[in-house]
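# Structure assessment
For reference, the chains in residue letters:
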Amino acid sequence: MKRRRVEVNVGELDQLLEGAKQVPLSDPDCEKIKSALHALVDALAKPRSTEKSSTVLGRKDEPGAQPETGSSTQQDPTSDSHPPGHGRNGADAFESARKVETQHPRLKSGDRCPECPNGKVYVQKEPKSLIRIVGQAPIQATVYNLERLRCNLCGQVFTAEAPEGVGADKYDETVGSMVAQLKYGSGMPFNRLEKLEQRLGVPLPATTQWEIVEETAELLEPAYEELIRQGAQGEIFHNDDTSMKILKLARPDGDTRTGVFTSGIVSIRGSDKIALFFTGWQHAGENLADVLRHRASGLSAPIQMCDALSRNVPKLSAGAEALLAYCLSHGRRQFVDVADNFPDECRYVLDTLGAVYGVDAEAREQGLSWEARLRLHQEKSRPLMEGLHQWMTEQLNGNKTEPNSGLGKAMKYLLRHWHKLTLFLRVPGAPLDNNIRERALKMVVLLRKNSLFYRTQYGDDVGDLFTSLIHTCDLNKVNSFDYLTELQRHAAELKANPTEWMPWNYRDTLARPPGG
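The structure reproduced in this document is the subject of the present report. Note that the structure is a prediction, hence the values are computed from the model and not measured. In every chain, residue numbers begin from 1 and rise along the written sequence. In keeping with the predicted nature of the model, local features appear solely for residues at pLDDT of at least 70, side-chain atom pairs appear and are counted solely at 80 or more, and the whole-chain, interface and lining totals rest on all residues. Water and hydrogen atoms were dropped before computing side-chain values, which therefore reflect all heavy atoms in the structure.

## Regarding the overall build of the protein
What counts, and what does not: In DSSP terms, a helix is any run of H or I states spanning at least four residues, a strand is any run of E spanning at least two, and both are numbered starting from the N terminus. In what follows, a contact means two residues having at least one pair of non-hydrogen atoms within 4.5 Å. Under the convention used here, a 1.4 Å probe and the Shrake-Rupley method define accessible areas, while residue burial counts only the protein chains that appear.
The helix and strand inventory of the protein stands at 17 helices and 9 strands. In the protein, the proportion of contacts linking residues at least 24 apart, taken out of those at least 6 apart, comes to 65%. Here the protein has roughly 31,600 Å² of accessible surface; of this, 50% comes from carbon and sulfur atoms.

Structure follows, in structure tokens:
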């Protein structure tokens, strides 16, 4: 509950405390000291950085606590089942590192052991790994000084040829990949990268960086369009918006809306996950409707996961439909927000939802099919959710909870959207929440916090292309830097057959023999 604001200063507090030694405090003076003490406690209190039940309810070490919502697969670092280790990355984690094989200088497999007369040494399956990490500039330059000779009679100049493999272009394909990674994948503005490179002795003006990513985007456009086409065939769609700013944005005639958004859409089709971003005046539902126009006819209705905002729901053409599911985490968060005022009631709700998430984690650990997962939820989660529904109904109808209180509003939100919040109890594969989309939009939020805005609609089109390609690689555990580089190096093949150059199959395409 928000406290009434009381103006007070340190000198006044000192006077009040001195006066309290002589006579009792008046009610107004007591209220000032009380407000100052409460403000001090609030300022010293450590802000909550997580919505885990143990943190929200202050029971981190309570035995027998329910699994945490959305994190029930995590192990307690102090438990005996936690795998040993110091938390550092092993050699296998450095997938892009240059590998150097080093042979023993004096011994080879089958030689006599130097320590005992009868034994022989053999190569071990696992070599000893020695890791050396060096720092370097994000973008490096090499200056080739080609010797020139001039005839003193005819004046003809003879210049040494560049080393093999140098190429004629000033900027290698890796430059476009790196600038795109830093700008659109990590939120580093062009001006900041310019200053960094200047300090490291490789000048790269911000305008040059833009020209490089603009040219790179033109080459990668077929991959982005193919992502949209394949994303439209997905079985599950997650979507939502975050705000964005474009300095020069042309709106359609008659559109009086003033907002600018970046819509994040994550499409899941089997094991492939596709992230799509669209920035402009349209909401997430409108952008999803545009994507679904590329959907092949005859496919079954997909599942759409979002929060309860109407602007996230697409207006589909006649005959098209989607099974709408609402995010359970959004409903849970409303109880997190009022847990300090209603700890016992919120504890019950959070424990119940935590158990449901525990069932979902069990299904993932067992690798269950969508149908088997549905049966597991119907067996274990349905009684939990039905009990929660009955309890909230009794709380409100029995006047045990004030409907207009924070707790009452949280309950009414769940009850009002109950059918869509519990689609996972009726439809195979229906997700519990929209968290995968929440994580996807973090990339856009990072870009917005650092670069603040896009200058033009064309600039945000370039940004949407790179964020879509980069985050799709992240979702499929693919090295996005290598992916962007290879697409540039095979731009002609990409344009001719973009289906062969998706993040999940481009390595197979590269390994295929020419003409194969």
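After that view, the rundown keeps rolling.
## Concerning the packing of aromatic side chains
Heads up, the condition is: Within 6.5 Å between ring centres, the rings of Phe, Tyr and Trp (the latter by its six-membered ring) count as paired, and their orientation is classed by plane angle as stacked under 30 degrees, edge-to-face over 60, tilted in between. Only protein chains enter the accessibility calculation, which uses a 1.4 Å probe; a residue whose area is less than 20% of its type maximum is buried, one above 50% is exposed, and one in between is partly exposed.
The tally for this structure, following the rule as stated, stands at 4 aromatic pairs. Here Tyr184 and Phe466 contribute two aromatic rings whose centre-to-centre distance is 5.4 Å and whose plane-to-plane angle is 10°, an arrangement assigned as stacked. Within this pair, whereas Tyr184 is found in helix α4 (residues 173-185), its partner Phe466 is found in helix α14 (residues 457-475), the two being separated by 282 residues in sequence. Each member of the pair, Tyr184 as well as Phe466, is classed as buried. Look at Trp210 and Tyr458: their rings are 6.0 Å apart centre to centre, the planes differ by 85°, and that puts the pair in the edge-to-face class.

## Quick look at the sheet that holds strand β6 (residues 272-280)
To be explicit about the condition: In this analysis, strands are considered paired if DSSP registers two or more bridges between them. The axes used here are C-alpha line fits, helices contributing only the stretch in contact, and every angle between their N-to-C directions lies in the interval 0 to 180 degrees.
Strand order in this open sheet of 5 strands is β6-β5-β3-β7-β8, and the pairing throughout is mixed. What marks the edges here is a single partner per strand, and that holds for β6 and β8 (323-326). Neighbouring strand axes in the sheet, compared pairwise and without regard to direction, differ in orientation by 20° on average. Of the strand pairs in this sheet, strand β3 (residues 236-243) and strand β7 (residues 303-306) are connected by 3 bridges, and their pairing is parallel. Bridge pairing links His238 to Met305 in β7. Against the sheet, helix α13 (residues 435-451) engages β3, β5 (261-269) and β6, with an angle of about 30° to β3.

## As for the pattern of salt bridges
What counts, and what does not: Any carboxyl oxygen of Asp or Glu within 4 Å of a side-chain nitrogen of Lys or Arg constitutes a salt bridge here.
Tallied over the full model, the rule gives 15 salt bridges. Between Arg364 and Asp360 there is a salt bridge, and its shortest N-O distance comes to 3.1 Å. Of the two residues, Arg364 and Asp360 both sit in helix α9 (residues 343-366), 4 residues apart, roughly one turn of that helix. Classification of Asp360 by relative accessible area gives buried; the value is 9%. In this structure, the salt-bridge partner of Arg437 is Glu438, at a minimum N-O distance of 2.9 Å. Classification of Arg437 as buried rests on a relative accessible area of 2%. Among the charged side chains, a salt-bridge network with shared partners connects Asp172, Glu173 and Arg489.

## Quick notes on a negative patch on the surface
We count it as follows: Put simply, a patch holds well-exposed residues, over 30% relative accessible area, that have no salt bridge, with like charges counted together within 9 Å and Val, Leu, Ile, Met, Phe, Trp or Tyr side chains within 5 Å. Working convention for charge: Lys and Arg count positive, Asp and Glu count negative, and His plus the chain ends are omitted. Think of each charge as sitting on NZ of Lys, CZ of Arg, CG of Asp or CD of Glu.
Taken together, Glu211, Glu215, Glu218, Glu221, Glu225 and Asp461 make up a surface patch of like negative charges. Relative to the assigned elements, Glu221 resides in helix α6 (residues 206-231). Under the relative-accessibility criterion, Glu221 is labelled partly exposed at 31%.

## Observations regarding the nonpolar core
Here is a general trend for soluble globular proteins: nonpolar side chains tend to be buried in one another's company. Stated formally: We call a set of buried Ala, Val, Leu, Ile, Met, Phe, Trp, Tyr and Cys residues a nonpolar core when their side-chain atoms join them within 4.5 Å.
Formed by 94 residues in total, the largest nonpolar core has its most connected members in Tyr184, Phe335, Phe466 and Tyr483. With 9 residues, the single largest contributor to this core is α6. When near neighbours in sequence (up to four residues on either side) are disregarded, Tyr483 contacts Ala223, Leu469, Cys473, Val478, Trp501, Met502, Pro503 and Tyr506.

## Some remarks on the packing of helix α8 (residues 328-337) against helix α11 (residues 406-416)
Heads up, the condition is: Each angle is binned into one of four classes, with values under 35 degrees roughly parallel, values over 145 roughly antiparallel, values of 65 to 115 roughly perpendicular, and all other values oblique. In this count, Pro and Cys sit with the nonpolar residues alongside Ala, Val, Leu, Ile, Met, Phe, Trp and Tyr, while Asp, Glu, Lys and Arg are called charged and the others, Gly among them, polar.
Packing of α8 against α11 brings their axes to within 9 Å, and their N-to-C directions diverge by 170°. In terms of their interaxial angle, α8 and α11 are classed as roughly antiparallel. Two secondary-structure elements touch here, α8 through His330, Gly331, Gln334 and Phe335 and α11 through Leu407, Lys409, Ala410, Met411, Tyr413 and Leu414. Within the contact of α8 with α11, the residues separate by chemical class into 6 nonpolar, 3 polar and 1 charged.

## Side note on a nonpolar patch on the surface
Among the surface-exposed residues, Leu247, Leu452 and Phe453 lie close enough to one another that they form a single nonpolar patch of about 270 Å² accessible area. Relative to the helices and strands, Phe453 is located in the loop between α13 and β9 (454-456).

## Digging into the packing of α14 against helix α15 (residues 480-489)
Axis angle and axis distance: for two packed helices, these are the angle between their axes and the distance between the axes, and together they describe the pair. Where we set the bar: Helix crossings are classified by the rotation of the near helix relative to the far one: an anticlockwise turn of less than a right angle makes the crossing left-handed, while a clockwise turn makes it right-handed.
Two elements in contact, α14 and α15, have axes separated by 9 Å at closest approach and are oriented at 125°. Here α15 runs oblique to α14, going by the angle between their axes. Crossing handedness for the pair α14 and α15: right-handed. Contacts between α14 and α15 involve Phe466, Leu469, Ile470, Cys473 and Asp474 from the first element and Ser480, Tyr483 and Leu484 from the second. In terms of residue class, the contact of α14 with α15 is built from 6 nonpolar, 1 polar and 1 charged.

## Remarks on the side chain of Asn505
As a reminder of what qualifies: A 3.5 Å cut-off defines polar contacts: any pair of N or O atoms within that distance qualifies, except that in protein one atom must be a possible hydrogen donor and the other a possible acceptor, and neighbouring residues in sequence count only when both atoms are side-chain atoms.
Examined against the element boundaries, Asn505 turns out to sit in the loop between α16 (491-496) and α17 (506-511). Within the structure, the side chain of Asn505 is placed 2.8 Å from the backbone nitrogen of Met502, a separation counted as a polar contact. Residues contacting Asn505, with those up to four places away along its chain left out, are Thr499 and Glu500.

## Structural notes on the environment of Leu469
You can see Leu469 is positioned in helix α14. Judged by relative accessible area, which is 0%, Leu469 ranks as buried. On a C-alpha basis, the gap between Leu469 and Tyr483 in space is 8.9 Å, while along the polypeptide they are 14 residues apart. Once you skip the residues sitting within four places of it in the chain, Leu469 turns out to touch Leu220, Ala223, Tyr224, Leu227, Tyr483 and Leu484.

## Brief notes about the environment of Gln395
Tracing the backbone through its elements, the reader meets Gln395 in helix α10 (residues 370-397). In this structure the C-alpha to C-alpha distance between Gln395 and Glu345, which are 50 residues apart in sequence, comes to 9.8 Å. Residues within four places of Gln395 in sequence aside, it is in contact with Lys400, Thr401 and Met411.

## Considerations on the pairing of β5
In terms of burial, β5 is a largely internal element, 8 of the 9 residues being buried. Across 8 bridges, the pairing between β3 and β5 is antiparallel. Counted as the bridge partner of Ile236 is Ile268 from β5. Relative to β6, β5 runs antiparallel, the two sharing 9 bridges. Bridge assignment links Ile268 to a residue of β6, and that residue is Lys273. Hairpin geometry of β5 and β6 is characterised by an intervening segment of 2 residues between the two adjacent antiparallel strands and by a positive phi of about 65° at Gly270.

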